[in-house]
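# Observations on the three-dimensional arrangement
Listed below are the residues making up each chain.
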Amino acid sequence: MRALAINDISCVGKCSLTVALPVLSACGATVDILPTALLSTHTGGFTGYTFLPLDDEMKKICDHWETLGLKYDVIQSGYLGSRAQIGFVKEVKKRFLKENGLFVVDPVLGDNFTFYKGFDEAFAKEMLSLCAEADYILPNDTEAYLLTGERDMRKALIALSKVCPHPVITGADEKDGYFLYYYENGEKRLPLKKVEGSFHGAGDVFAASFSGCIGGGFSFERALSLSAEFCYRSILRTEKEVPDKKYGMNYEKELSVLTDAFKE
Ligand code: PXL
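Everything in this summary refers to the structure shown in the same document.

Definitions and cut-offs
- Residues numbered from 1 in each chain as written.
- Predicted model: local features only at pLDDT ≥ 70, side-chain atom pairs only at ≥ 80, totals over all residues.
- Heavy atoms only, no water.
- Near = heavy atom within 4 Å.
- Polar contact = N/O pair within 3.5 Å; in protein donor to acceptor, adjacent residues only side chain to side chain.
- Nonpolar A, V, L, I, M, F, W, Y, C, P; charged D, E, K, R; others polar.
- Phe/Tyr/Trp six-rings, centres within 6.5 Å; stacked < 30°, edge-to-face > 60°.
- Helix = DSSP H or I, 4+ residues; strand = E, 2+ residues; numbered from the N terminus.
- Buried < 20%, exposed > 50% of the residue type's maximum accessible area, 1.4 Å probe, protein only.
- Core = buried A, V, L, I, M, F, W, Y, C linked by side-chain atoms within 4.5 Å.
- Contact = heavy atoms within 4.5 Å.

Every residue close to the ligand is listed here: Asp-8, Ser-10, Cys-15, Ser-16, Leu-39, His-42, Thr-43, Gly-44, Tyr-79, Tyr-116, His-200 and Asp-204. Within the side chain of Ser-16, an N or O atom sits 3.1 Å from a nitrogen atom of the ligand. Side-chain polar atom of Asp-204 to an oxygen atom of the ligand: 3.0 Å apart, as the coordinates give it. Residues belonging to the shell around the ligand are distributed by class as follows: four nonpolar, six polar and two charged.

Here it is, written out as structure tokens:
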């Protein structure tokens, strides 16, 4: 499986491409990267970070790749630095995804029911148009709300299912527990084990794992449950081992969840 990860390089803080590369590799993928921006750290919780958008470079990189005839089984997009980049990712999909390849979009917009720094309603609207091109989308509850205006996650899922065939809402607090919502011939939910607290980068760990599992041939449900298990085990480890959660998830020693599954 050849995978393309489109995401930023946050040099510190374990998210985006620094997570996508090892996690997709653990799923047996040959991983190429298209960096969207270069930051000294991610934007969640750090101050004074540097930010270099790579719009012009992305175009040049893709023009070069075209001469190599590269095509991907799975393309996964994450953090995008501008509305123009969202338009460009649609073009990347057209130019580089194999005919039966899968396009997975993590519509990175925000958390805790607020936008990440630099994003707004207009950006969310554009992101929704990218979701319409995807086979799978992986918003968290905040992003599902920002994309649909629905705070009820069942309603948000139904609204998203009209945009993309397989939406997944990666974590929703409900009266009767904590759930992942997904749509496959109707709305479904998978109970998740909840660990209190906020774990930066958990969405990126999940997205990379899901993309690797679905691109590697697992069913939708198996890709979800395996990624939920990998993420949960990484969160437990992070809770114990990482005092400052903005430094990201300690997922490395749990990669065997994925490597073992791909040996089967
Ligand atoms: O984890 C999502 C993410 C990705 N990339 C950058 C971010 C964030 C969330 O804060 O700031 C640069």
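Counted under the stated rule, the structure contains twelve aromatic pairs. Seen from their ring centres, Tyr-79 and Phe-119 are 5.4 Å apart, and the 40° between their planes marks the pair as tilted. You can see Tyr-79 sitting in the loop between strand E4 (72–77) and helix H3 (83–96) and its partner Phe-119 sitting in the loop between strand E7 (114–115) and helix H4 (121–131), a full 40 residues away along the chain. With respect to burial, Tyr-79 and Phe-119 carry one shared label: buried. With a centroid separation of 5.3 Å and an interplanar angle of 65°, the aromatic rings of Tyr-136 and Phe-210 are classed as edge-to-face.

So, about the nonpolar core. Val-23, Phe-210, Phe-220, Leu-224, Phe-230 and Leu-258 are the most contacted members of the largest nonpolar core, which has 45 residues in total. Breaking this core down by element, the ones donating at least two residues are strand E1 (2–12), helix H1 (16–26), strand E10 (177–183), helix H7 (202–215), helix H8 (220–241) and helix H9 (256–263). The biggest single contributor to this core is H8, with nine residues. Residue contacts for Leu-258: discarding those within four places in its chain leaves Val-23, Ala-26, Cys-27, Ser-209, Cys-213, Leu-226 and Phe-230. With 42 residues, the next largest nonpolar core counts Met-58, Tyr-79, Ile-137 and Ile-169 among its residues.

Spatial relationships are all this shows, so hold off on functional conclusions.
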